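A structural walkthrough
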Amino acid sequence: MAETTQLELVTPARIMAQQAVEMVVAPGVEGLFGVLPRHAPLLADLTRGVVELYQNGKVTDRFMIDGGLADVSGASVTILAERAIHLGSADAAQLKTQAADASDDEADFLNAAIGALS
Amino acid sequence: MASLKDLKTRINSVKSTQKITAAMKMVAAAKLRRAQDAAESGRPYSTRMRQVIGNLASKADAASAPQLLVGNGKDQTHLLVVMSADRGLCGGFNGTVTRQTRAEAARLRAENKTVKLLMVGRKSADALRREFGDLYLDQYEGLQGTSVSYSDAAKIAETIRTGFEAGEFDVCTLIFNKFKNAITQEITLTQLIPAEVDNSDAADGDAATVSYEYEPEEDELLASLLPRNLSTQMYGALLESSAAELAARMTAMDNATRNAGELIDRLTLVYNRTRQANITSELIEIISGAEAI
């Protein structure tokens, strides 16, 4: 088993993910960046985009986040996002109905998530 | 001695009070579960945010770092953000916040500091208006209860931030009831500005000593992170306070229901005794009347 990084994805509502992964790709404000184990400590501002978790060289899970903060230190990556959607379990039709009742800002985010799904 | 009719009225009125308190207790208990879930699941986010900020604050250079993080170097004017409930009937909940605020204000004044207040929630704002009304910076109502929203928290945070940038105050402290469990609330004081330096995680010793890389540049990152941290802390506190309020109300109403029950028992006893005394005295009257003939 290859070396892993402990990833935590936390929103104000709950802990979305907490698992060991091989690599995390996160949407930084200056572009996508990947985090492998033993990455140098990094504090990065994130923008709206998709967080991808890699295991054995393949994407195992994807999350849509609406900006946030990534705190990379030693053996762990903590992503603090104000809003996040688990794309693995999301359903485009359901998101669409949610987006219809949501405020502009939130609908925008949900539509972006639908875009990332397809 | 009260007449039978008076006693009957009294018993009935206590009974209806008991029904009301029992209903309020159940409403609070039902709402509490959701509020408690929200408060507890919101904790990881705000704790981690606080850790990151604390970490940054411990490394920040007082001269160049943003003032929201390290303060503006002065310690003269203190802003107390006081978070109480909008409604009463929740035991000592609002009283504790009010008392703590009064004590804190007195302490700061004894040190010759200036005190200003930002009131969230109606009850403490009303209770302290006569004493400190002229010091209120702003006042918010109707944010707590079942629907705490992040945007409300962000609004308060924005008021605090603009106030700080306008030099209205130098230090900002938040006073609120933290939800501990269904029967205990813990009055908590958290310093928001400048950020509290995090010395707690000594276990993370090596992580704390290494210097971070920043993306984008440190100032830019902090400029977007610090306001967000303020909103997060406000949001966390609102959630905690709402859950604590419901828990306090549940306990208080449970006590009230029990007390009403005891009162009803006592009054019923007095009622029955009075009734028997009346019957006895009527009998005596009849018998002594019959004997007299």
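See the structure above.
Model, not experiment: these values are computed from the prediction.

The rules behind the values
- Residues numbered from 1 in each chain as written.
- Chains lettered and ligands numbered in written order.
- Predicted model: local features only at pLDDT ≥ 70, side-chain atom pairs only at ≥ 80, totals over all residues.
- Heavy atoms only, no water.
- Helix = DSSP H or I, 4+ residues; strand = E, 2+ residues; numbered from the N terminus.
- Buried < 20%, exposed > 50% of the residue type's maximum accessible area, 1.4 Å probe, protein only.
- Contact = heavy atoms within 4.5 Å.
- Areas by Shrake-Rupley, 256 points an atom, 1.4 Å probe, with all protein chains shown as cover.
- Lys, Arg positive; Asp, Glu negative; His and termini not counted.
- Charge placed at Lys NZ, Arg CZ, Asp CG, Glu CD.
- Salt bridge = Lys/Arg side-chain N within 4 Å of Asp/Glu carboxyl O.
- Polar contact = N/O pair within 3.5 Å; in protein donor to acceptor, adjacent residues only side chain to side chain.
- 1 Å grid on protein atoms, 1.4 Å probe; cavity = no way out; pocket = protein on both sides within 12 Å on 5 of 7 lines; lining within 4 Å.
- Points joined across faces, edges and corners; volume = space filled by probe spheres on them.
- Nonpolar A, V, L, I, M, F, W, Y, C, P; charged D, E, K, R; others polar.

1. Brief notes about the overall build of chain B
Assigned secondary structure in chain B consists of 7 helices and 6 strands. With the C-alpha coordinates aligned to their principal axes, the bounding extent of chain B is approximately 110 × 40 × 30 Å. Classification of the 293 residues of chain B by burial places 43% in the buried group. Put simply, of all contacts in chain B between residues at least 6 apart along the chain, 76% involve residues at least 24 apart. Of the accessible surface of chain B, which amounts to about 15,100 Å², a share of 51% is contributed by carbon and sulfur atoms. The averaged location of the 38 negative side-chain charges in chain B is 11 Å from the averaged location of its 35 positive side-chain charges.

2. Brief notes about the pattern of salt bridges
Pairing between side chains of opposite charge can happen when the charged atoms of each approach one another. Throughout the structure, instances matching the rule amount to 23 salt bridges over all chains. Close ionic contact of aspartate 75 of chain B with lysine 113 of chain B constitutes a salt bridge, the shortest N to O distance being 3.3 Å. Highlighted residues: aspartate 75 of chain B in the loop between α2 (67-70) and β1 (77-83) and lysine 113 of chain B in the loop between α3 (93-110) and β2 (114-120), separated in sequence by 38 residues. Within this structure, Arg48, Asp66, Arg83, Asp105 and Asp108 of chain A form a network of salt bridges that share partners.

3. Some details on the side chain of threonine 188 of chain B
Residues and elements named next belong to chain B. With respect to the secondary-structure elements, threonine 188 resides in strand β5 (residues 184-193). Only 3.0 Å separates the side chain of threonine 188 from the backbone oxygen of glutamate 186, close enough to count as a polar contact. Non-local contacts of threonine 188, meaning those with residues more than four positions away in its chain, are made with Leu174, Ile175, Phe176 and Lys178.

4. Regarding empty space enclosed by the protein
Residues and elements named next belong to chain B. Applying the stated criterion across every chain yields a total of 3 cavities of 30 Å³ or more. Roughly 100 Å³ of volume is contained in the largest cavity. In terms of lining, the largest cavity is formed by Arg50, Ile53, Gly54, Thr190, Gln191, Leu192, Ala195, Glu196, Asn229 and Gln233. Of the residues that constitute the lining of the largest cavity, the class distribution is 3 nonpolar, 5 polar and 2 charged.

That's the geometry; what it means functionally is another story.
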